[in-house]
Amino acid sequence: MIPQKMTGRVANNWIERGIAVFFTTPALTQARMRRDDASKRCEFVLPSLSGGKGYYVMPWKSIMASITTTLHDRVLFEQIQKNDVDDPIKMRHVTLEVAAKGLAGPRAARKAQEILDSEKHYQLLTTFLLVLQLLKLADLPPNELIAQGIATANAQKRLKAALKDVAVRLNVPQDDLYVRIEALSLLIAPIGLPHAPEPGRLRLLSDDLLQFSGNVRGWTHRMPEEIAHLGEFEAGIADLTNRITTKTMQKVFQQTEALAAMLNAWEKHFNLIRHEVRQLAWMLDGWDYLISVFQDAAGKTEREREAVIADNFSLLPIPPKDQLEIISDQQMSTLSVVQKRWVRANEDWRSGLLDYEQVQRNEGRKAEMR
Amino acid sequence: MSSLDDWRNVATASLGLPDKRLLDVVKLVEQAPDRGRVCEVLDRIRPRLVRLRPPRALTVQRLLFRPVEDLFDPVERYRAKIGRLSRQIVQPCWTIIRALVAPPLLRRTDERLRTIDILDPNEVFATGLPLWQTAAEQLSTFLATDAGIGRCQVGTEQVTITEDVRQQLLNIAEILALATEVETVKLHLSERPIGSLSQVDIDLLSTIISRLAADSTRKVQTFVLVLLARMARPGDLLQVLADMALPCSSAEHAGLFKAVGSNALAALTYEAQDLRQQRNKVTDPISGAETAEHLVTRLMSFERTLGGLRDRTVTEQIHSARRDIGTFVLDTVVAKANQELFQTLAPPQGPATRTGPAEPTVEQVEKAEKCALSLRRCARVTEAIGLRREMEQRLAIICAELERQAHPAGAEADEPLQSRQMIRSARLIELLAGPDEAQRMLTAQLPGRNPAP
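Our subject in this report is the structure included herewith. Counting restarts for each chain, with residues numbered from 1 along the sequence as it is written. Written order determines the labels here, with chains lettered from A and ligands numbered from 1. In keeping with the predicted nature of the model, local features appear solely for residues at pLDDT of at least 70, side-chain atom pairs appear and are counted solely at 80 or more, and the whole-chain, interface and lining totals rest on all residues. Excluded from the side-chain calculations are hydrogens and water; all other atoms, namely the structure's heavy atoms, are used.

### Considerations on the overall build of chain A
Step number 1: Going along the chain from the N terminus, every DSSP run of H or I of four or more residues is numbered as a helix, and every run of E of two or more is numbered as a strand. Helix and strand counts for chain A stand at 16 helices and four strands.
Step number 2: Here, two residues are considered to be in contact whenever any of their heavy atoms come within 4.5 Å of each other. Sequence separation of at least 24 residues holds for 69% of the intrachain contacts in chain A that already meet a minimum separation of 6.
Step number 3: For the accessible areas, the method is Shrake-Rupley and the probe is 1.4 Å, while residue cover comes only from the protein chains on display. Total accessible area on chain A is roughly 17100 Å²; 53% of this is exposed by carbon and sulfur atoms.

Written as C-alpha cells, this is what we have:
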C-alpha cells in the first residue's frame, strides 16, 4: 500500500520516498516513482512541476493528460512497467538500456552503451577476484596460475581441481560453488571488492558526496544568508549520507572478506549482503544527478551557483526517517526553517509545449552519466 | 602584409580555424596599425566573433565610440536618414576627433585604460566621460564652423565630408553630448538585448527623459533611439515614452513618439529587407532561425505599440517587414535546414564496413537534430507572422520523408540497425512535430509493439 501522505519533506521509508527517475521532460526532472508491490500501481512525486513549494503526486495517466512528455520518457515508463522496476538498481539498468537505444540523443546513447559494457566487465573482474580469493583457500598461489596462463589446459585442470578441493572443504556442492560466486559478484559489483583495482560505482558516488559538500560549503561563504542556509543543509545531508553509506559498505566488505564462512552459511549471509547493497543503492539514489548539476555549476558565476543551490533543493535525496536514527532534532528543525525560506521562480511549464532547449540540457546530463 | 588581398586572405583563412585559434588571430590583427584593413578582416569574421564574445582590449578609439556603438550597421546594410551609423564613419570621425581633441587628454585616457579593470563599467565610465564631453563639444563646433561639404582639412589630415557623413557626425556629436545619460542607463539596465523593463528601470528612464525633454525634444529623440537599439522588444520602451508626462505640448509629444518609432521601425524594415536579399549567404540554418526570431520579436513589439497610430507608412513598413522575414524563413532558412538535415543523414558513399552498412556518426546525428531544432524555431516565427499553414506544409513533407527513411534499404535482415535508424527518425519527427507524432510513427513501424500509454 502506498502511503498517501509524506510527513513534511522527509519521507517515512524508502517506498514513500520513491525511486528517482531520469526523465528528460523538464517538468518531470528527477521525479520519484512510488510503487505499490501488490497492485503494481505507480505514482510519481513531482518536485519541479509548479516551481512552488510542495509536491504534486500523480499517476502516469494524469501526467500524460496534463504534461507533454518526451518520446524518451514514454518509452522509459513503458520499460519500467514491463520490467517490474522496484528498486534503484533495476531502475538504473532500464534507464541505461532505454538511453542506449538513442531515445535521449546520440551522445547519451553512446555513453549508456559504454556504461553497460564497462559494468559487465567490472562484474567479470569481480568474479575473477572472488575466484582468486577462493584459490587462496585451496593453497593454490594465484600468481603461479596466472604465470602459466589461465587459459592453458594445464592451468584449467589445476583450477578445476582447486575449486573442487575448496568445495569439499567448505562442504558445498561443487556446482553450487560457481553459481554462488556468480550471484555474489553480480550483487556486489556496484560496490566492488575492497581490494579491487578500481572501486565500484556506488563507492565512487559515496566518495563524491564529500567533494560535493566541500564544494558547496566553499561557495556558501560569500552568499546571502538565505541561500547559504540552503547550501549548508545540502552539504550536511551529503555528509550524513556519506557517513551512513561508508558504514554500510564496511559491513559488506567484512562479509566478503570472510568468503569461506559466507559460502558455508550461504542463505543467511547472502540475504544480509543483498539487504545492505539495496540499502546503499536506495541511500545514494538521486545523488548522481545532483552531483552532476553541481559539478557544472563549479564553472559558473556566483549568481548562477546561488540559483543551482536554490533550484535543486527540492531534489535533495534526504534519507527517510526510518534510516535516520542518526539525524538530530536540531537538523529537522533547520529543515523546517530552510523550507520556509525557500522560494522558487515559477518555471515556464504552462505553455504546454516542450522546451527542447531544456530537454537537451537533461539529455546532456544523461550523456555525462557515470 | 600590405595589399588588401593579403588582409582578405587572412580573413578567409581565419574562418576555418577552431575558436581558440581564431581568437588568437583576432588579438594579433588588432595590434596592427592599419585600422581600415583591420576592420576589413574583422567585418568578415564578425558573425563568429559575435557568438564567441571575446574580451576585447579597450583602446581610446573604442572607448570614444562606446556610447554610439549600438547604432552601428555593417557597411552593406547601412541606410541614411534613419538615425543609424555606418561602420565606415569610424575612420573619418576618429581622424577628426584625434586632430581636434588636445593630445594630453588622449594620452591621459590611454594611460588610464592601461591601468583600470576594463571589465568594471564604473571605471570605464569615469575614464571615458572627459573624452566624450570634450569630443562632443569639439565635433559640434567643427561641424558648425569649419566643415563644409567636400574635402576638408583637419589638422594635418584631409577628410572627405559628404551630406551623409556630415549628418552621421552630427548624430555622433549629439549622442556623445548625452554620454552621461546613455552610459548611466547602460550601467543600470541589463545587458543587451534588454529583455524586459522593471519598474525601477522605468522610473530611471522616466527621470532622465523628463530632464532631457525640459532641454529639448531632440535630445529625447537621440537618447531613446540609442536605447531602442539595445532592446529585445523595442515597443516596450516606446510605450514608456508614450505613457510619460513630458514637459512639452501633446502635439510635440506625439510628434516625438512618431519620429522615434518610425526611425527605429525603418531600421528594422531595412534589416528584414537585407535578410531576404542575403538568401545565398546564409550558411547556417541555426543562426538564420535565431536572427529571424529576434527580428520577429522586435517587429511584434513595434506592431503592438505603433499599431495604434493608424499611420499608413507604419502599417506598410510592418507588412513589408513581415513579408521579408517570411520569405527569408520559408525560402532560405527552412530550405537550408531541410537540405542540411537530409545531407547529414544520407548514408555515406562507399563499401559497407565489416560490421554492417555505414551509419551516421554521433556528430552527424547531432547536426541533423540541430537542423530540426532550427526548423522548430522557424515554426515559431512563421506562426507569429501568420504563415503557419505554409510552414506546416513544409514540415509535413519533411516528416513524411523522415518516416520513409526510417526503413533503410538493405537493413531488413539487420534488426538492430533498423531499430537505430527508426529511433533516429522518430527523434527528428519528435523535434519537428512533437512526441505524439513520433510515438505514432514508432508504433506504426513496429508491428506488434505495445503502444506506450
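There's more to say after this.
### Description of helix α8 (residues 174–188) of chain A
Residue pairs spaced three or four apart in an α-helix point in one direction, given the helix's 3.6 residues per turn.
All names here are of chain A.
Step number 1: Compared with an ideal rise of 1.5 Å per residue, which puts 15 residues at 21 Å, α8 spans 22 Å between its outermost C-alpha atoms and is within 8% of the ideal.
Step number 2: The classification of residues rests on relative accessible area computed with a 1.4 Å probe and restricted to protein chains. Under 20% of the type maximum is buried, over 50% is exposed, and intermediate values are partly exposed. Those residues of α8 that sit buried are Leu 177, Arg 180, Ile 181, Leu 184, Ser 185, Leu 187 and Ile 188. Buried residues of α8, seen end-on, are gathered within an arc of 160° and therefore sit on one face of the element. Of the exposed residues in α8, those oriented more than 90 degrees away from the buried face are Asp 175, Val 179 and Leu 186.
Step number 3: Lining the buried residues of α8 we find α5 (106–137), α7 (153–170), α10 (225–257), α11 (259–264) and α12 (266–284). Helix span, expected: 1.5 Å multiplied by one less than the number of residues in the helix. Arc, as used here, means the arc of the directions from the helix axis to the C-beta atoms.

### What to know about the nonpolar core
Step number 1: Among buried residues, those of type Ala, Val, Leu, Ile, Met, Phe, Trp, Tyr and Cys that are joined through side-chain atoms within 4.5 Å constitute a nonpolar core. Formed by 226 residues in total, the largest nonpolar core has its most connected members in A:Phe44, A:Trp287, B:Phe223, B:Ile325 and B:Leu341.
Step number 2: The element that contributes the greatest number of residues to this core is helix α15 (residues 312–345) of chain B, accounting for 13 residues.
Step number 3: Excluding its chain neighbours within four sequence positions, the residues that come into contact with A:Phe44 are A:Val21, A:Phe23, A:Ala31, A:Arg32, A:Met33, A:Tyr56, A:Val57, A:Met58, A:Trp60, A:Ile63 and A:Phe77.

### Digging into the pairing of strand β4 (residues 157–161) of chain B
Residue and element names in this part refer to chain B.
Step number 1: Two strands are counted as paired when DSSP detects at least two bridges linking them. Sheet analysis places strand β3 (residues 150–154) next to β4, joined by five bridges and oriented antiparallel. When the bridges of β4 are listed, Gln 153 appears paired with Gln 158.
Step number 2: With antiparallel pairing between neighbouring strands as the criterion, β3 and β4 make up a hairpin whose turn holds two residues, including Gly 155 at a positive phi of roughly 60°.

### Considerations on the sheet that holds strand β4 (residues 56–58) of chain A
All names here are of chain A.
Step number 1: Across the sheet, which stays open at both edges, the four strands sit in the order β1-β2-β3-β4 with antiparallel pairing between neighbours. Looking at strand neighbours, the two that pair on one side only are β1 (19–20) and β4, the edges of this open sheet.
Step number 2: The sheet contact formed by strand β3 (residues 41–46) and β4 spans three bridges and is antiparallel. Directly across from Val 45, in β4, lies its bridge partner Val 57.

### Digging into the environment of A:Leu186
Step number 1: Secondary-structure assignment places A:Leu186 in helix α8.
Step number 2: Each C-alpha atom, one on A:Leu186 and one on A:Gln123, is 6.1 Å from the other, the two residues being 63 residues apart in sequence.

### What to know about the interface of chain A and chain B
Size of an interface, as often reported, equals the accessible area lost when the parts are brought together.
Step number 1: Across the contact, 23 residues belong to chain A and 23 residues belong to chain B.
Step number 2: Residue B:Glu363 pairs with A:Arg107 through a salt bridge whose shortest N-O separation is 3.9 Å.
Step number 3: Definition of a polar contact: a pair of N or O atoms within 3.5 Å, with one able to donate and the other able to accept a hydrogen when the atoms are protein atoms, and with sequence-neighbouring residues admitted only if both atoms are side-chain atoms. Taken together, chain A and chain B are joined by six residue pairs in polar contact (both at pLDDT 80 or more).
Step number 4: Going through the elements one at a time, α2 (60–66), α3 (71–82), α5 and α16 (356–367) of chain A are the ones with two or more residues in the side of chain A that touches chain B.
Step number 5: Here the element with the most residues in the side of chain A that touches chain B is α3(A); it accounts for five residues. Take a side-chain nitrogen of Lys or Arg and a carboxyl oxygen of Asp or Glu: if they are within 4 Å of each other, that pair is a salt bridge.

### Some thoughts on the pattern of salt bridges
Note on pairing: side chains with opposite charge can pair once their charged atoms come close.
All names here are of chain B.
Step number 1: Overall, the coordinates contain 51 salt bridges over all chains when judged by the stated rule.
Step number 2: Among the ionic pairs, Arg 377 bridges to Glu 293, the shortest N-O distance being 2.7 Å. Taken together, the residues span a long stretch of sequence, with Arg 377 in helix α16 (residues 362–384) and Glu 293 in helix α14 (residues 285–306) at a distance of 84 residues. The exposure classification of Arg 377 matches that of Glu 293, with both residues buried.
Step number 3: For Arg 312, the salt bridge is made with Glu 316, and the minimal N-O distance between the two is 3.8 Å. Of this pair, Arg 312 and Glu 316 both sit in helix α15, four residues apart, which is roughly one turn of that helix.

### Structural notes on the side chain of B:Asp311
All names here are of chain B.
Step number 1: You can see Asp 311 is positioned in the loop between α14 and α15.
Step number 2: Asp 311 sits in the buried class, given a relative accessible area of 13%.
Step number 3: At 3.1 Å, the side chain of Asp 311 forms a polar contact with the backbone nitrogen of Val 314.

### Some points on helix α10 (residues 199–215) of chain B
Residues and elements named next belong to chain B.
Step number 1: Its 17 residues give α10 an end-to-end C-alpha distance of 25 Å, which sits within 8% of 24 Å, the value for a rise of 1.5 Å per residue.
Step number 2: Taken together, the buried positions of α10 are occupied by Asp 201, Leu 205, Ser 206, Ile 208, Ile 209, Leu 212 and Ala 213.
Step number 3: The elements touched by buried residues of α10 are α9 (179–188), α11 (217–228) and α12 (234–243).

### Some words on the packing of aromatic side chains
All names here are of chain A.
Step number 1: Two rings belonging to Phe, Tyr or Trp (six-membered ring only in the last case) form a pair when the distance between their centres is within 6.5 Å. Interplanar angles under 30 degrees mark stacking, angles over 60 mark edge-to-face geometry, and anything in between is tilted. Scanning the model with the defined rule gives 14 aromatic pairs over all chains in all.
Step number 2: The structure contains a cluster of three or more aromatic residues connected by ring pairs, namely Phe 23, Phe 44, Trp 60 and Phe 77.
Step number 3: In this structure, Arg 365 is placed above the aromatic ring of Tyr 289, and the distance from its NZ or CZ to the ring centre is 5.8 Å. Two conditions define a charge located above a ring, namely a distance within 6 Å from the ring centre to NZ of Lys or CZ of Arg, and an angle within 35 degrees of the ring normal.

### Observations regarding the environment of A:Leu159
Residue and element names in this part refer to chain A.
Step number 1: On the secondary structure map, Leu 159 appears in helix α7.
Step number 2: On the basis of relative accessible area, Leu 159 is assigned to the buried category, the value being 15%.
Step number 3: Considered as a pair, Leu 159 and Leu 132 are 27 residues apart in the sequence and their alpha carbons are 9.9 Å apart.

These values are about where atoms sit, not about what they do.
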